[in-house]
Amino acid sequence: MMTDVLVAHAKDVEKAEFYKKTYVHVALAILAFIGVEAVLLNTVPAELIAAMFAQRYVWLLIIGVFWLASVLATKWSLSQSKSTQYFGLGFYILLEAIIFLPLIYIAMAYSGGQVIFQAATLTVAMFAGISAVAFTSKRDFSFLRNIIVIGGFISIGLIVAGMIFGFNLGLWFSVGMVILASATILYQTSKLKDSYATNQYVGASLQLFASIMLLFWYILSILMSRRS
């Protein structure tokens, strides 16, 4: 039976169960995202998808709503109620599918899905490699927290400025975001045992899923920019 003790203080069998459930939920979240994205692509009119990125202020509003809603989803996913945790994760998956809709639509029209498969393969490979480093290294990655927080604020500022003033952030910004997302995954994975109780695997999976999707977004953006 799972308890609410911090993972770092749990028995080995409870730790193993926590990690197993966390990564199973990450995998299920990715599969759910694929399913929801497929439904949206087949039901949302192309004109509406185009309108999402045709007007930069509309896109700015979408990102603002997404940020606020993601804070709520994260809070729900860490609730003591299991049904509320799953509601938070499901809600966040839906948000990610909506925010990804224009990018996936363009990628599908551009390469018929080939570039999406390549980006997904690279993302999974990088996530597996970073996770392996986090679990096998004896190093303390706490120093990454301040870098991630500062980098996050800078990136949000640049994204908002780019939308307001209409300039393209370019390839190097995407490369920087891949590095930031990778650092976030490394930090989050290394701190799983210190940040969550053994019954909070749904919330832990949401955090990892969010970082994976950030990594996927910018890898896909880089691959598309190289082909254009």
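These numbers come from a predicted model, not from an experiment.

Criteria and cut-off values
Residues numbered from 1 in each chain as written. Predicted model: local features only at pLDDT ≥ 70, side-chain atom pairs only at ≥ 80, totals over all residues. Heavy atoms only, no water. 1 Å grid on protein atoms, 1.4 Å probe; cavity = no way out; pocket = protein on both sides within 12 Å on 5 of 7 lines; lining within 4 Å. Points joined across faces, edges and corners; volume = space filled by probe spheres on them. Helix = DSSP H or I, 4+ residues; strand = E, 2+ residues; numbered from the N terminus. Salt bridge = Lys/Arg side-chain N within 4 Å of Asp/Glu carboxyl O. Buried < 20%, exposed > 50% of the residue type's maximum accessible area, 1.4 Å probe, protein only. Axes fitted to C-alpha atoms, helices over the stretch in contact; angles between N-to-C directions. Left-handed = near helix turned anticlockwise from the far one by under 90°. Contact = heavy atoms within 4.5 Å. Nonpolar A, V, L, I, M, F, W, Y, C, P; charged D, E, K, R; others polar. Parallel < 35°, antiparallel > 145°, perpendicular 65-115°, else oblique. Core = buried A, V, L, I, M, F, W, Y, C linked by side-chain atoms within 4.5 Å.

(A) Layout of the layout of surface pockets. By volume, the second largest pocket is sized at about 350 Å³. Taken together, 15 residues make up the lining of the second largest pocket; nearest its centre are Phe-33, Ile-34, Ile-116, Ala-120 and Phe-216. In terms of residues, the lining of the second largest pocket owes the most to one element, helix 1 (residues 12-43), which gives six residues.

(B) Representation of the pattern of salt bridges within the structure. Evaluation of the coordinates by the stated rule reveals three salt bridges. In this structure, the salt-bridge partner of Glu-17 is Lys-21, at a minimum N-O distance of 4.0 Å. With Glu-17 and Lys-21 both in helix 1, this residue pair falls four residues apart, about one helical turn. Glu-17 sits in the partly exposed class, given a relative accessible area of 30%. Here Asp-194 makes a salt bridge to Lys-191, at a shortest N to O gap of 3.4 Å. Look at Asp-194 and you get partly exposed, because its relative accessible area is 34%.

(C) Up close: the packing of helix 6 (residues 144-165) against helix 7 (residues 170-190). One way to put it is that helix 6 packs onto helix 7 with a least axis distance of 10 Å and a crossing angle of 145°. Our pair here, helix 6 against helix 7, has a crossing hand that is left-handed. Side by side, helix 6 and helix 7 meet where Leu-144, Arg-145, Ile-147, Ile-148, Gly-151, Gly-152, Ser-155, Leu-158 and Ile-159 of the first sit next to Phe-173, Met-177, Leu-180, Ala-183, Thr-184, Leu-186 and Tyr-187 of the second. Taken together, the residues of the contact of helix 6 with helix 7 break down into eleven nonpolar, four polar and one charged.

(D) Seen up close, the packing of helix 5 (residues 114-136) against helix 7. For the pair helix 5 and helix 7, interaxial distance at closest approach is 9 Å and the crossing angle is 40°. It follows that helix 5 is oblique to helix 7 by the angle criterion. Viewed along their axes, helix 5 and helix 7 form a crossing whose handedness is right-handed. Contacts from Met-126, Phe-127, Ile-130, Ser-131, Val-133, Ala-134 and Phe-135 in helix 5 reach Val-178, Ser-182, Ile-185, Leu-186, Thr-189 and Ser-190 in helix 7. Broken down by class, the residue content of the contact of helix 5 with helix 7 amounts to nine nonpolar, four polar and no charged.

(E) Seen up close, the nonpolar core. Counting residues in each nonpolar core, the largest one holds 60 residues, and the members touching the most others are Phe-18, Phe-100, Phe-216 and Leu-220. Among the elements of the structure, helix 1, helix 2 (46-54), helix 4 (82-111), helix 5, helix 6, helix 7 and helix 9 (201-227) are those that each provide at least two residues to this core. Per-element tally for this core: the top contributor is helix 9, with 18 residues. Once residues within four sequence positions are removed from consideration, Leu-220 is found in contact with Leu-103, Ile-104, Ala-107, Val-115, Ile-116 and Ala-119.

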